[in-house]
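This is what each chain is made of:
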Amino acid sequence: MVNRTDIQQIEALSKLFPRLTSMIMNNTDKNLVLNFRDERRRSLIVMIVSGEDTAGQEVSMAS
């Protein structure tokens, strides 16, 4: 998935992990790290970083 655009990556991941959509929609930050367990109890970490200049900004964590 690395060779896709960010939107395509998120859409593909959302199909695999439906909870991801609501986690992203409920977060107002453009830069965030999501960590959760899927239905098989696998631990997943997703980092979303906007293309804007983010130097010196903190990335929020949501779980």
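These numbers were taken from a predicted model, which means no experiment stands behind them.

Student: So, the overall build of the protein chain: which residues are in play, and what are the values?
Tutor: From N to C terminus, the protein chain includes two helices and three strands. Reading the secondary structure of the protein chain in the N-to-C direction produces α-α-β-β-β. Looking at the protein chain as a whole, 29% of its 63 residues qualify as buried. In the protein chain, of all internal contacts separated by at least 6 residues, the share reaching a separation of at least 24 is 34%. With an accessible surface of roughly 5,000 Å², the protein chain has 52% of that area assigned to carbon and sulfur atoms.

Student: Go over helix α1 (residues 6–16), please, and point to the residues and values.
Tutor: Owing to its 3.6 residues per turn, the α-helix aligns residues three or four sequence positions apart on the same side. Inspection of α1 places Gln9, Ala12 and Ser14 among the buried residues, and these make up the whole buried set. Where α1 is buried, its residues meet α2 (19–25).

Student: So what's going on with unusual backbone geometry? Residues and values would help.
Tutor: Despite not being glycine, Arg41 shows a phi value in the positive range, around 70°. With respect to the element layout, Arg41 can be found in the loop between β1 (32–37) and β2 (43–48).

Student: Mind laying out the layout of surface pockets, listing which residues take part and the relevant values?
Tutor: In this model, the largest pocket occupies a volume close to 280 Å³. Of all the elements in the fold, those that place two or more residues in the lining of the largest pocket are α1 and β2.

How each quantity is defined
Residues numbered from 1 in each chain as written. Predicted model: local features only at pLDDT ≥ 70, side-chain atom pairs only at ≥ 80, totals over all residues. Heavy atoms only, no water. Helix = DSSP H or I, 4+ residues; strand = E, 2+ residues; numbered from the N terminus. Buried < 20%, exposed > 50% of the residue type's maximum accessible area, 1.4 Å probe, protein only. Contact = heavy atoms within 4.5 Å. Areas by Shrake-Rupley, 256 points an atom, 1.4 Å probe, with all protein chains shown as cover. 1 Å grid on protein atoms, 1.4 Å probe; cavity = no way out; pocket = protein on both sides within 12 Å on 5 of 7 lines; lining within 4 Å. Points joined across faces, edges and corners; volume = space filled by probe spheres on them.

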